[in-house]
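So you can see what is in the structure, the chains are spelled out below.
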Amino acid sequence: MATEMIHGAFATNPSSGSLQRQAEKLRPTAGFGSKLLFQSEKKSHRGVGHVSLPIIAMRSTRVDPEVFPMTPEDVPKAEEQIQYLQTIQELGDTSVGTWSKPTVRRKTKIVCTIGPSTNTREMIWRLAEAGMNVARLNMSHGDHTSHQKVIDLVKEYNAQAKDNVIAIMLDTKGPEVRSGDLPQPIMLTSGQEFTFTIQRVVGTADCVSVNYDDFVNDVEVGDMLLVDGGMMSLMVKSKTEDSVKCEVIDGGELKSRRHLNVRGKSATLASITEKDWDDIKFGVDNKVDFYAVSFVKDAAVVHELKDYLQNAGADIHVIVKIESADSIPNLHSIITASDGAMVARGDLGAELPIEEVPILQEEIIRLCRSMGKAVIVATNMLESMIVHPTPTRAEVSDIAIAVREGADAVMLSGETANGKYPLKAVKVMHTVSLRTEATMVGTQTLPNLGQAFKKHMSDMFAYHATMMSNTIGTSTVVFTRTGFMAILLSHYRPSGTIFAFTNEKRIQQRLALYQGICAIYLEFSDNAEETFVKALALLQKNGMVKEGEHVALVQSGRQPIWRSQSTHNIQVRKVCDK
Ligand SMILES: Nc1ncnc2c1ncn2[C@@H]1O[C@H](COP(=O)(O)OP(=O)(O)O)[C@@H](O)[C@H]1O
Ligand SMILES: C=C(OP(=O)(O)O)C(=O)O
């Protein structure tokens, strides 16, 4: 039975696309060489009911699986089973059992860009209370002093928060091409002539500077220039040594420092610029949790950054922004080298035809999930809420699609950075995600985690813990020092919350990005059982689990915590009053 379940984890997803098929080829074929023991234990502990279903794998050499049946009292009674099936039929849902009713928490995380609308103490607090999980600092704007202030405020918030800590993501400016400063916004009208110059000048009604000296060399007559992600477009008509003359095709209002893209082309600049290295060092000094690296084109740049971080002794995860046309042929190697990816739809939809964006979004999410990497969907999610208090129906659908596709997080940019309704935008994202997730219970297919976890014992335990918690409709409780096991569980997308206990504040903060994880700081004691009891009591005290509720409890991972007692351990426990 156990062996069949393991194979089930790697079953082919019939709806998979080409990238998934590629990942399928990498799937593990061999078993895990572990010994499974199903045994019952009736010891009662303070705040914890009977240990009903421990599954423990001892460290062992390869042996055939040996399965012991559950004790009769662990098998639900016949009438309970009938009631359970009736509930399933009524709800049209295959995972929520009658064993327990866990509290519903939002699983998809929310990334908020912090800017002039939200960079105060009051707004950081209110954003966090409204549902922000990750604060994003866009290094294309502001300076180190203003970003430092935000980092300090988030850390101050985290110091007093329990289960709701906020991760910090530093987004590099990268080799982005932007128009220069204008004294005030100007109107571009279709048919008019307009010039971009590489000279550092303040813009006028018919000319603006560009921040990239090779711009003149990179563009050719006939190229289509997109301003502000395609809000305006201009056709290149002629070039001189330092300027590019264009005809405005689609006009609009041009403001200071807007994105400039050439349709179908990536700038021939290194992905990490001198300014970026300076910002990266600022991130190391401030111990941020994630870098979002702009305009990554190949895996080499990710390796370069990871080497730098290792030499600096910095434990910061690297999220690659997929936004460059050049990155698409290298998607697999780029994502393999990284800790996760962001579908940066703004620049992506400017460098590539816009109709490619939803297709790439789906494929990038699928690829990340098959490889056990985090994935964020970004840009324009609630764009109209920058100026309006309610979203368009299309924006609501866009969030629902990202949630259904299995993104770890959805992101707000201008909506929270400089919009009029930042808190309302977060609330909309929260409620739409929660509502969508409620329709998905038990329907999320398990990802093929590919070769990253090939033959790793923890992979099998994550799979079985997910099966157990889905079958009986429980939350999962995991103990993790590095975050590895919690992240692995998250990729299996169990239907209940993953309560991840860690004794590292940094890990608690990092886990804020991952789907379904509620990370809680806890000092681990030398004794495993004492720690389990303390963790369940804490969950109960905070109303995260209720008396009578079951939880699936996991102790596994790359660095098992209580190594002397066992390396891997899954149990089902019933929470009961002291
Ligand atoms: N730290 C900041 N300081 C000032 N303005 C900011 C900051 N972060 C964001 N903004 C403003 O919010 C807008 C939307 O944020 P974002 O989408 O991250 O930027 P962009 O689209 O320019 O890359 C920016 O264009 C900028 O006007
Ligand atoms: C997220 C994006 O990047 P940025 O906001 O840095 O332009 C994007 O292009 O969609």
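Residues numbered from 1 in each chain as written. Chains lettered and ligands numbered in written order. Predicted model: local features only at pLDDT ≥ 70, side-chain atom pairs only at ≥ 80, totals over all residues.

Novice: I would appreciate a short explanation of the overall build of the protein chain in the present structure.
Specialist: Of the regular secondary structure elements, the protein chain holds 18 helices and 24 strands. Put simply, the protein chain has 578 residues, and 47% of those count as buried. Within the protein chain, counting contacts between residues at least 6 apart in sequence, those at least 24 apart form 71% of the total. (Helix = DSSP H or I, 4+ residues; strand = E, 2+ residues; numbered from the N terminus. Buried ≥ 20, exposed ≤ 12 C-beta atoms within 10 Å, placed from the backbone. Contact = placed C-beta atoms within 7 Å.)

Novice: In this structure, what is going on with the sheet that holds strand E15 (residues 290-293)? I would like to understand it.
Specialist: Each strand in a sheet pairs with another by means of backbone hydrogen bonds, the pair being arranged parallel or else antiparallel. Taken in spatial order, the eight strands line up as E4-E5-E6-E15-E16-E17-E18-E19 and close into a barrel, and their pairing is parallel. Going from strand to strand, the sheet's axes swing by 25 degrees on average, the running direction of each strand aside. Relative to strand E6 (residues 167-171), strand E5 (residues 134-138) runs parallel, the two sharing five bridges. Residue pairing across strands places Ala135 opposite Ile168, the latter belonging to E6. (Pairing = 2+ DSSP bridges. Axes fitted to C-alpha atoms, helices over the stretch in contact; angles between N-to-C directions.)

Novice: Whenever I open this one, unusual backbone geometry confuses me. Can you help?
Specialist: What you tend to see is this: most non-glycine residues have negative phi, and most peptide bonds are trans. For Asp228, which is not glycine, the phi torsion reads 55 degrees and is therefore positive. Note that Asp228 resides in the loop between strand E10 (224-227) and strand E11 (232-239). Notably, Phe295 is not glycine yet its phi reads approximately 50 degrees, a positive angle. Within the secondary structure, Phe295 sits in the loop between E15 and helix H8 (299-311).

Novice: Would you mind going over the UniProt feature "domain: Pyruvate kinase barrel" (unreviewed entry) in the protein chain with me for this structure?
Specialist: UniProt annotation of "domain: Pyruvate kinase barrel" (unreviewed entry) refers to residues 106-426 when read in the numbering used here. A helix fraction of 33% and a strand fraction of 24% characterise residues 106-426, whose end C-alpha atoms lie 12 Å from each other. (UniProt positions renumbered as here; feature names shortened; annotations may be inferred.)

Novice: Explain the confidence of the model for the protein chain to me, please; I cannot follow it from the model alone.
Specialist: Caution is warranted with low-pLDDT regions, since their predicted coordinates should not be read in detail. Of the residues in the protein chain, 77% reach a pLDDT of 70 or more, and the chain-wide mean stands at 81. Every residue in residues 1-101 is under pLDDT 50, and counting partners more than four places away or in other chains gives 156 contacts. The ipTM assigned to the predicted complex is 0.96, against a pTM of 0.81. (pLDDT = per-residue confidence, 0-100.)

Novice: What is the right way to read the domain arrangement of the protein chain from this model?
Specialist: Interface size, as often reported, equals the accessible area lost upon joining of the parts. Under the domain assignment, the protein chain is made up of domain 1 (2-103 + 443-575), domain 2 (109-175 + 269-438) and domain 3 (186-262). Once you take the C-alpha centre of each, domain 2 and domain 3 turn out to be 28 Å apart. If you look at the interface, domain 2 gives six residues, while domain 3 gives five residues. (Domains from an automatic or database assignment.)

Novice: Explain the site of ligand 1 to me, please; I cannot follow it from the model alone.
Specialist: Near ligand 1 the following residues occur: Thr113, Gly115, Pro116, Asn138, Ser140, His141, Gly142, Ser146, Ser413, Gly414, Ala417 and Asn418. Of the residues contributing to the shell around ligand 1, the split by class is two nonpolar, 10 polar and no charged. (Near = placed C-beta within 6 Å. Nonpolar A, V, L, I, M, F, W, Y, C, P; charged D, E, K, R; others polar.)

Novice: Honestly, the nonpolar core in this entry has me stumped. Any pointers?
Specialist: Across soluble globular proteins, nonpolar side chains show a tendency to be buried alongside one another. Core analysis: the biggest nonpolar cluster contains 122 residues, and Ala135, Val343 and Ile376 have the highest contact counts within it. Of the residues forming this core, the biggest block, seven residues, is contributed by helix H15 (residues 457-472). Shared between two domains, this core takes at least three residues from each, and those domains are domain 1 (2-103 + 443-575) and domain 2 (109-175 + 269-438). If we ignore the near neighbours within four places in the chain, the residues touching Ile376 are Val111, Ile319, Met342, Val343, Ala407, Asp408, Ala409 and Met411. Counting residues in hydrophobic clusters, the runner-up holds 21 residues, among them Phe196, Met232, Val262 and Ala267. (Core = buried A, V, L, I, M, F, W, Y, C linked by C-beta atoms within 7 Å.)

Novice: Explain the site of ligand 2 to me, please; I cannot follow it from the model alone.
Specialist: With respect to spatial proximity, the complete set of residues near ligand 2 consists of Asn138, Ser140, Asp171, Ser294, Glu323, Ala344, Arg345, Gly346, Asp347, Ala378, Thr379 and Ser413. Per-element accounting of the shell around ligand 2 gives the leading share, three residues, to helix H10 (residues 345-351). Here the shell around ligand 2 is built from residues that sort into two nonpolar, six polar and four charged.

Novice: What is the right way to read the packing of H15 against helix H16 (residues 484-492) from this model?
Specialist: How two helices sit against one another is set out by the angle between their axes and by the gap between those axes. Contact geometry of H15 with H16 gives a least axis separation of 9 Å together with a crossing angle of 50 degrees. The angle between H15 and H16 places the two elements in the oblique class. Considering only the axes of H15 and H16, their crossing is right-handed. Side by side, H15 and H16 meet where Ser458, Asp459, Ala462, Tyr463, Ala465 and Thr466 of the first sit next to Met485, Leu488, Leu489 and Tyr492 of the second. (Parallel < 35°, antiparallel > 145°, perpendicular 65-115°, else oblique. Left-handed = near helix turned anticlockwise from the far one by under 90°.)

Novice: Would you mind showing me how to read the packing of helix H12 (residues 393-405) against helix H14 (residues 422-438) here?
Specialist: Remark: H12 packs on H14, axes separated minimally by 9 Å, with the N-to-C direction vectors making an angle of 50 degrees. What the angle tells us is that H12 and H14 run oblique. Viewed along their axes, H12 and H14 form a crossing whose handedness is right-handed. Of the residues in H14, those in contact with Val396, Ile399, Ala400, Val403 and Arg404 of H12 are Met429, Val432, Ser433, Thr436 and Glu437.

Novice: Would you mind showing me how to read the pairing of strand E8 (residues 193-197) here?
Specialist: Within a regular strand, the side chains alternate between the two sheet faces. Of the two faces of E8, only the one carrying Phe194 and Phe196 is buried; Glu193, Thr195 and Thr197 on the other face are not. With five bridges connecting them, E8 and strand E12 (residues 243-250) associate as antiparallel partners. Each residue of the ladder has a partner; that of Thr197, found in E12, is Ser243. Two strands pair when backbone bridges link them, and E8 and strand E9 (residues 207-209) are joined in this way by three bridges, in the parallel orientation. Within E9, the residue paired with Phe196 across the bridge is Val208.

Novice: Explanation requested: H14 in the structure shown.
Specialist: Helical periodicity: at 3.6 residues per turn, an α-helix aligns residues three or four positions apart in one direction. With 17 residues, H14 should reach 24 Å at 1.5 Å per residue; the first-to-last C-alpha distance of 25 Å fits that figure. Looking at H14, one finds that the buried residues are Pro422, Ala425, Val426, Val428, Met429, Val432, Ser433, Thr436 and Glu437. Projected down its long axis, H14 carries its buried residues within an arc of 160 degrees, all on one side. Buried residues along H14 sit in contact with strand E4 (109-113), helix H4 (121-130), H12, strand E19 (409-412) and helix H13 (414-417). (Expected span 1.5 Å × (residues − 1). Arc of directions from axis to C-beta.)

Novice: Mind showing me how you'd approach H8 here?
Specialist: The first and last C-alpha atoms of H8 sit 18 Å apart over 13 residues, in line with the 18 Å expected at 1.5 Å per residue. Among the residues of H8, those classed as buried are Val301, Val302 and Leu305. Down the axis, H8 shows its buried residues gathered within 100 degrees of arc, on one side only. Looking at H8, the residues exposed on the side facing more than 90 degrees away from the buried face are Asp307, Gln310 and Asn311. Considering only its buried residues, H8 is in contact with E15, strand E16 (317-322) and helix H9 (331-337). Phi turns positive one or two residues past the end of H8, at Gly313, with a value near 65 degrees.

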